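Below, each chain spelled out in residue letters.
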Amino acid sequence: MNAARYHRRQILGLGLGALAGCAVNPVTGERQLMLIDRGSEINLDREQSPHQFSADFGRVQQPALNDYINRVGMELARISDRPDMPYSFRAVNASHLNAYAFPGGSIAVTRGMLLELDNEAELAALLGHEIVHVAARHTAQRMTQQSLSSLVLTGVGQVVARQNPDYAGLARDLGGLAQGALLARYSREDERQSDRLGLEYMVEAGHNPEGMVGLMEILRGQRQNRPGLVEQMFSTHPMGEQRYRTAVAAVRQYSESVRSRARHRERFREATASVRALRPAIEKLQAAHAALAAEKTGAAQTLAREAVRRAPDDYTAQVVLGTTLLAREQLQPALNRFRTAMELYPDEPRAHHLAGATLLQMDQPGAALERFRRYQKLLPGNPAMTFMTGYCHERLGNRQPAAEHYYQYLQSVQQGPQAQHARRRLVAWGVIQQG
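Residues numbered from 1 in each chain as written. Predicted model: local features only at pLDDT ≥ 70, side-chain atom pairs only at ≥ 80, totals over all residues. Heavy atoms only, no water.

1. With respect to the sheet that holds strand 5 (residues 106–110)
Short version of the rule: Strands are treated as partners if at least two bridges between them are detected by DSSP. Here a strand is any run of E in DSSP of at least two residues, a helix any run of H or I of at least four, and the numbering for each starts at the N terminus. As a rule, the C-alpha atoms of each element are fitted with a line to give its axis, helices using only the stretch in contact, and angles between N-to-C directions run from 0 to 180 degrees. Should any heavy atoms of two residues lie within 4.5 Å, those residues are counted as being in contact.
Pairing is mixed across the open sheet formed by three strands, whose spatial order is 3-5-4. The open sheet has two edge strands with one neighbour each: strand 3 (88–92) and strand 4 (99–101). On average, each strand axis in the sheet is inclined to that of its neighbour by 15°, with strand direction left out of account. Packing of helix 3 (residues 63–77) onto the sheet brings it into contact with strand 3 and strand 5, and relative to strand 3 it is tilted by some 140°. The sheet contacts of helix 5 (residues 120–135) involve strand 3, strand 4 and strand 5, and relative to strand 4 the element is tilted by about 25°.

Next up, the structure:
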């Protein structure tokens, strides 16, 4: 039969018959089509979550705080609808308000968010909500839906061909899609389900359900008064007035004795004291980020300097100040800040990346190469570092390693100025043909 005569539904049937299976959703008990299995969720998490944590300036360096957050989270995870996932919980150093979950169970909450919470019940509400995204397989569902759309758009012939010898090609396509989808926007239905089940989890774990109302009050207030601080959170977790009202109504269904449970405010404040001690510096960093977003680099630099003055040993403050200096082309002062940051937190790669970029602007490709190599040792798997390593070799006149890194980079990235540069060099050096 001629492939061009297939109806669209037949096309989908051909592709899905080779690629997909039905899975029972752990939360709803319903069977649903899934292109992403449990092992893939865990592998994607392990590959991608470290890069997001680094983008948020790394895990906080107070082990006691991370242990506390992990304990609260694990108590909830164990009674979730998917307790067998490899959950882990941590605080990250970012100053904005956010919390997020990767599909394998890696969950993070920012320092900025911790500053706004008042008690352990609110923390449990926040972590319970994120756990539901894992338990209900929201990311896997979204990736499957997007993958199905992609299958239709690729055309009949490609779908039919992918059933057979080129299955690996589709696997690569799905992998590329996954990287962009892991922290994509949840639907309002996903959020409602996460609020409802997160509330059930926290109550079953012994927490006061009023913590969910307290969390919603925080989010509602920040959305109205400081929307820039929660912009990233609401880009993935849509927030509306109805979510708040629904939470209030749901909590009212519990008995007075349940709603009178301890909220463990003192225990929470003791565990988060190290973060609250940095509130003046973190608030300056929040303002500095807002100024940078508005391209007010002078104001951002002033605010970041004030953050460093208030917290000279804070890694994030040093990196943000260095970034504002770099934006204003004050290269040596910027490099000094990144070096200080590396001394404060040697195993967090972001400062190494920024130091390397600064050294390149200072025409020191050899020193930059050392920083990029260190980054890759700490956090492998970032294609941008592969390109920058190749670029350093090119600047140093080392054509063979430059070509090897450019070729490797093009296996992951085909579009954009860096890909264009790599392709031009490989063509000029006779490694690949123009095409």
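2. What to know about the packing of aromatic side chains
Selection criterion: We call Phe, Tyr and Trp rings a pair once their centres come within 6.5 Å, taking the six-membered ring for Trp, and we label the pair stacked below 30 degrees between planes, edge-to-face above 60, and tilted otherwise. Two conditions define a charge located above a ring, namely a distance within 6 Å from the ring centre to NZ of Lys or CZ of Arg, and an angle within 35 degrees of the ring normal.
Evaluation of the coordinates by the stated rule reveals nine aromatic pairs. For the ring pair Tyr 315 and Tyr 345, a centre distance of 5.2 Å and an interplane angle of 75° mean the geometry is edge-to-face. Taken together, the residues Tyr 315 in helix 18 (residues 315–327) and Tyr 345 in the loop between helix 19 (331–344) and helix 20 (350–361) connect sequence positions 30 residues apart. Aromatic ring contacts, followed pair by pair, group Phe 387, Tyr 391, Tyr 406, Tyr 409 and Trp 429 into a single cluster. Across the ring face of Tyr 244, the terminal group of Arg 220 is positioned such that the distance to the ring centre comes to 3.8 Å.

3. Considerations on the packing of helix 16 (residues 279–293) against helix 18
To keep things clear, this is the line we draw: Working definition: roughly parallel below 35 degrees, roughly antiparallel above 145 degrees, roughly perpendicular at 65 to 115 degrees, and oblique for all remaining angles. Two helices that cross are described as forming a left-handed crossing if the nearer one is turned anticlockwise from the farther one by less than a right angle, and a right-handed crossing if clockwise. Residues were grouped as follows: Ala, Val, Leu, Ile, Met, Phe, Trp, Tyr, Cys and Pro as nonpolar; Asp, Glu, Lys and Arg as charged; and all remaining residues, including Gly, as polar.
Their axes nearest at 11 Å, the elements helix 16 and helix 18 cross at an angle of 25°. Here helix 16 is positioned roughly parallel relative to helix 18, judged by the angle of their axes. Every pair of crossing elements has a handedness; the one defined by helix 16 and helix 18 is left-handed. Of the residues in helix 18, those touching helix 16 at Leu 285, Ala 288, His 289 and Leu 292 are Thr 316, Ala 317, Val 320 and Thr 324. A class-by-class count of the residues in the contact of helix 16 with helix 18 yields five nonpolar, three polar and no charged.

4. Brief notes about the side chain of Gln 141
Which entries qualify depends on this criterion: Definition of a polar contact: a pair of N or O atoms within 3.5 Å, with one able to donate and the other able to accept a hydrogen when the atoms are protein atoms, and with sequence-neighbouring residues admitted only if both atoms are side-chain atoms.
Note on placement: Gln 141 falls in helix 6 (residues 138–154). Separated by 2.6 Å, the side chain of Gln 141 and the backbone oxygen of Ala 136 make a polar contact.

5. Regarding the confidence of the model for the chain
The following threshold applies: As a per-residue measure, pLDDT reflects the predictor's confidence and takes values from 0 up to 100.
Put simply, the chain has an average pLDDT of 85, and 79% of its residues get 70 or more. Contacts of residues 1–20 to residues separated by more than four positions or lying in other chains number 30 contacts, the stretch itself having pLDDT below 50. Across residues 149–181 the pLDDT falls below 50, and counting only partners more than four positions away or on other chains, this stretch makes 39 contacts in the model.

6. Here we look at the pairing of strand 3
As a reminder of what qualifies: Burial here depends on accessible area, computed with a 1.4 Å probe over protein chains only, as a share of the maximum for the residue type. Under 20% is buried, over 50% is exposed, and the range in between is partly exposed.
Burial runs high along strand 3: five of the five residues are buried. The alternating pattern of strand 3 places Ser 88, Arg 90 and Val 92 and Phe 89 and Ala 91 on opposite faces, both of which are buried. The pairing of strand 3 with strand 5 spans five bridges and is classified as parallel. Directly across from Arg 90, in strand 5, lies its bridge partner Ala 108.

7. Topic: the packing of helix 19 against helix 20
Here helix 19 crosses helix 20 at 155°, and the two axes come no closer than 9 Å. Taken together, the axes of helix 19 and helix 20 lie roughly antiparallel to each other. Helix 20 is crossed by helix 19, and the crossing has left-handed handedness. Taking contact as the criterion, the partners of Leu 331, Leu 335, Phe 338, Arg 339, Ala 341 and Met 342 in helix 19 are, on helix 20, Ala 351, His 352, Leu 354, Ala 355, Thr 358, Leu 359 and Gln 361. Looking at the contact of helix 19 with helix 20 residue by residue, the classes come out as nine nonpolar, three polar and one charged.

8. A look at the pattern of salt bridges
Which entries qualify depends on this criterion: By salt bridge we mean one thing: a side-chain nitrogen of Lys or Arg within 4 Å of a carboxyl oxygen of Asp or Glu.
Here the structure, examined in full by the defined rule, presents 21 salt bridges. With a shortest N-O distance of 3.3 Å, Arg 243 and Glu 191 are connected by a salt bridge. With Arg 243 in helix 12 (residues 241–252) and Glu 191 in helix 9 (residues 188–204), the pair connects residues that are 52 residues apart, well separated along the chain. When sorted by exposure, Arg 243 lands in the same class as Glu 191, which is buried.

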